[in-house]
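# A structural walkthrough
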Amino acid sequence: MAVFARRAEQTRLGGVGQVRNSMDRAAYLLLNRLDLEGPMGVKALAAGMGIDSSTVTRQVAPLVDTGLVKRTSHPEDGRAVVLELSVRGLNRLEEVRSSRRELMSQVTDGWTEEERESFCTLLTRFNSALSARQSGPAPAESAANRAPADEPADTEPPPAS
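Predicted model only: the values in this text are computed from it and were never measured. (Residues numbered from 1 in each chain as written. Predicted model: local features only at pLDDT ≥ 70, side-chain atom pairs only at ≥ 80, totals over all residues. Heavy atoms only, no water.)

A count of helices and strands for the protein gives seven helices and two strands. For the protein, the N- to C-terminal ordering of α and β elements is α-α-α-α-β-β-α-α-α. The buried share of the protein, reckoned over its 161 residues, is 32%. A fraction of 53% describes how many contacts in the protein between residues 6 or more apart in sequence connect residues 24 or more apart. Surface summary for the protein: the accessible area is close to 10000 Å², and the carbon and sulfur share equals 55%. (Helix = DSSP H or I, 4+ residues; strand = E, 2+ residues; numbered from the N terminus. Buried < 20%, exposed > 50% of the residue type's maximum accessible area, 1.4 Å probe, protein only. Contact = heavy atoms within 4.5 Å. Areas by Shrake-Rupley, 256 points an atom, 1.4 Å probe, with all protein chains shown as cover.)

In structure tokens:
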């Protein structure tokens, strides 16, 4: 497990070994959530990720400063602010995703499609079980089939080589 965790961290940091394709875990999770769910306020983003609003505010600040996320007025209440993934943020997220997919493709090059699908199924199940254990008791069926709230699913089979 320790070797797996270390290798997973190396994957997160470098993708296909290019330093420029690395991304901080918190940044990746925030950008991924905004991409999947669209613009939202800090409270909704925090609730969806299971973290405190002040943590989201602190983590989003550098993303806004670098132009990956933009703050806009809420469409129904102009006084409220929503966070939105910028075009630059989407492009950066896609760079990182692409690099990770390429690495997974290289790592699983000799695997059959069935092996890749089994791996993804079991990894998703494993992540769900860990998530359920951290969040308290949950029905076994829903816990086994649910993607963790704080991690992107990112378990689609790597592309065949």
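A cluster of nonpolar side chains, namely Met 1, Phe 4, Phe 126 and Leu 130, defines an oily patch on the protein surface of about 410 Å² accessible area. For Phe 126, the position within the fold is in helix H6 (residues 113–135). (Patch = residues over 30% accessible without salt bridge, like charges linked within 9 Å, V, L, I, M, F, W, Y side chains within 5 Å. Salt bridge = Lys/Arg side-chain N within 4 Å of Asp/Glu carboxyl O.)

On to helix H5 (residues 87–107). The terminal C-alpha atoms of H5 lie 30 Å apart, and with 21 residues this matches the ideal 30 Å at 1.5 Å per residue to within 8%. Among the residues of H5, Gly 89, Arg 92, Leu 93, Val 96, Arg 97, Ser 99, Arg 100, Leu 103 and Ser 105 are the ones counted as buried. (Expected span 1.5 Å × (residues − 1).)

Under the defined criterion, the tally for this structure stands at one aromatic pair. Residues Trp 111 and Phe 119 carry aromatic rings whose centres are separated by 5.4 Å and whose planes lie at 80 degrees to one another, so their mutual orientation is edge-to-face. Take Phe 119: its relative accessible area is 33%, and that puts it in the partly exposed class. Seen from the ring of Tyr 28, Arg 100 lies directly overhead, with NZ or CZ sitting 3.9 Å from the centre. (Phe/Tyr/Trp six-rings, centres within 6.5 Å; stacked < 30°, edge-to-face > 60°. Lys NZ or Arg CZ within 6 Å of the ring centre and 35° of its normal.)

Applying the stated rule across the entire model yields four salt bridges. A salt bridge links Glu 37 to Arg 33; the shortest N-O distance between them is 2.8 Å. Of this pair, Glu 37 and Arg 33 both sit in helix H2 (residues 25–37), separated by four residues, roughly a single helical turn. With a relative accessible area of 16%, Arg 33 lands in the buried category. A salt bridge links Glu 95 to Arg 92, with the nearest nitrogen and oxygen atoms 3.2 Å apart. Taken together, the residues Glu 95 and Arg 92, both in helix H5 and three residues apart, mark about one turn of the helix. Classification of Arg 92 by relative accessible area gives buried; the value is 19%.

On to the packing of helix H3 (residues 42–49) against helix H4 (residues 53–65), then. Contact pair H3 / H4: the axes reach a minimum separation of 8 Å and the direction vectors enclose 110 degrees. In terms of orientation, H3 lies roughly perpendicular with respect to H4. Between H3, through Val 42, Lys 43, Leu 45 and Ala 46, and H4, the contact on the second element is made entirely by Ser 53, Val 56, Thr 57 and Val 60. Per-class residue counts for the contact of H3 with H4 are five nonpolar, two polar and one charged. (Axes fitted to C-alpha atoms, helices over the stretch in contact; angles between N-to-C directions. Parallel < 35°, antiparallel > 145°, perpendicular 65-115°, else oblique. Nonpolar A, V, L, I, M, F, W, Y, C, P; charged D, E, K, R; others polar.)

Closest axis-to-axis distance for the H2/H3 pair is 11 Å, and the angle between their directions is 110 degrees. Taken together, the axis directions place H2 and H3 in an arrangement best described as roughly perpendicular. Residues Leu 29, Leu 30, Arg 33 and Leu 34 of H2 touch H3, and the partners they reach there are Leu 45, Gly 48 and Met 49. By residue class, the composition of the contact of H2 with H3 is five nonpolar, one polar and one charged.

Read these as layout, nothing more, since geometry by itself doesn't imply function.
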